[in-house]
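The lines below spell out each chain.
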Amino acid sequence: MENRVTFDYSKAMQFIGENEITSIKAIAETAKNILVEKSGAGNDFLGWIDLPDNYDREELKRIQAAGDRIAESSDVLIVIGIGGSYLGAKAALDFLRSPYYNSTDSRRKGRPEIYFLGNSFSGEEIADVLGLCEGKRVSVNVISKSGTTTEPAIAFRFVREYMESRYSAEELKHRIFATTDRKKGALLTLAKQNGYETFVIPDDIGGRFSVLTAVGLLPLAAAGCDVRKMLDGAKAEKEKLFADPKNNPAYRYAVARTHMLNSGKGVEILVSYDPYLRSFIEWWKQLFGESEGKDGKGIYPSGCIFSTDLHSLGQYIQDGRRVLFETVLEQEEPCGELKVPTDAADADGLNYLAGMTMPEITAKAELGTKLAHAEGGTDSLIVNFDRKDEFTFGALCYFFFIACAASAYMLGVNPFNQPGVEAYKRKMFELLGKPGYQK
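The rules behind these values
- Residues numbered from 1 in each chain as written.
- Predicted model: local features only at pLDDT ≥ 70, side-chain atom pairs only at ≥ 80, totals over all residues.
- Heavy atoms only, no water.
- Helix = DSSP H or I, 4+ residues; strand = E, 2+ residues; numbered from the N terminus.
- Rg over C-alpha atoms; globule rule 2.2 N^0.38 Å.
- Buried < 20%, exposed > 50% of the residue type's maximum accessible area, 1.4 Å probe, protein only.
- Contact = heavy atoms within 4.5 Å.
- Areas by Shrake-Rupley, 256 points an atom, 1.4 Å probe, with all protein chains shown as cover.
- Lys, Arg positive; Asp, Glu negative; His and termini not counted.
- Charge placed at Lys NZ, Arg CZ, Asp CG, Glu CD.
- Phe/Tyr/Trp six-rings, centres within 6.5 Å; stacked < 30°, edge-to-face > 60°.
- Lys NZ or Arg CZ within 6 Å of the ring centre and 35° of its normal.

Helices and strands together make up the secondary structure of the protein chain, namely 17 helices and 10 strands. Against the globule reference of 22 Å for 439 residues, the protein chain gives a C-alpha radius of gyration of 23 Å, in line with a compact fold. With respect to the three principal axes, the spread of C-alpha positions in the protein chain is 65 × 65 × 50 Å. Of all 439 residues assigned to the protein chain, the portion counted as buried reaches 51%. Across the protein chain, the fraction of contacts at a sequence separation of at least 24, relative to all contacts at a separation of at least 6, is 79%. As presented, the protein chain carries roughly 19400 Å² of accessible surface, and 52% of it is formed by carbon and sulfur atoms. Treating the 53 positive side-chain charges of the protein chain as one cloud and the 61 negative ones as another, the clouds have centres 5 Å apart.

Dropping the structure here:
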């Protein structure tokens, strides 16, 4: 079995003793049993656990076929969704392709440009994306369980109006795809009325756990990613994690996080030295923040790209209040083997680096940062993965799914609800005058 994801807390051993880990293991064992037996709060949203084994094979074929049709018929795919309805796909696209995916056709290899809308109230962004579509063939994937979530629903109104101005009703049946509830909801009704092809958001999988469903897989299939391998990676990680529960790295990560919180470190910074993982960090922030942050509990999830953020937040991380710890996402197999050239004049004094590859320099910067942070009292946990491909992405997602659910159960909160999210909506609806919300 491939060992794509591992966890290491040895760099934090001056702060975490084995006796402290042992003292939390009883809580961890209870959390693990709750998760495995599906007996805890929110257990009707645990469909993601067995998804790598029992996903709908026929729907996956339809997803792959639709992705190929989008690629053949479109220069642009607009993906409309918010939260888990877009973060996972964006994270995977940057991880597997590039944040610069849209910049050149050679990078896309004939696949469409992909733009994400419906995740803010920015009219400027909507106008800019529609402007980028002029003169190009366009398809749309709108993602919403209900179809009434305000941000994507507004964006879809604008985009649908734009599409209807360009294409006939018959053509739109082949250009608009709805990922939504299987049986009910405003978006499903609209899709049926207009003949849009639909894909399912499973009832037992919440948005932030949905990247390996049609929510994430359809846009990624359109981008030419091997979505079946993503599910294979998740399946391999599931088998590894459940084969040896006592040494399960995801649970050990959850235990280490719990120790940090109990020690007064309530902020976790997920760090990568690869800017291509910036969107993955954003996905992780929602996963942990929305799952843990309730009932006055939880670790606040933040993120940094080093060394970029060492020149903005590095001072605070090194010498500020000791309320945080960092988890480093570390890739084993280097990418981008550029070598530093020699300069005869050596005006910048960098000839001592001549001939070194960028990954070699990054490795030294990473080690130096860990040593400095340890001296300053900042703990470093490490999540290793071997390479950036579809299999590893699926494995990495599943690792964090398990760790997140276990962490929340160890805190004593329901990992799968988000009651606080509704607070801003109620106030916003009152101010906007939505029927039923006026004071």
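Under the criterion given, the structure shown has 26 aromatic pairs. Over the ring of Tyr-253 we find Arg-257, and its NZ or CZ is 5.7 Å from the ring centre. The side chain of Lys-434 reaches across the aromatic face of Phe-429, ending 4.1 Å from its centre.

On to the environment of Asp-44. Relative to the assigned elements, Asp-44 resides in the loop between helix H1 (18–37) and helix H2 (47–54). The class of Asp-44 is partly exposed, set by a relative accessible area of 49%. As for Asp-44 and Asp-203, which are separated by 159 residues in sequence, their C-alpha atoms are 8.5 Å apart. Look past the residues within four positions of Asp-44 in its chain and what remains in contact with it is Asp-203 and Asp-204.

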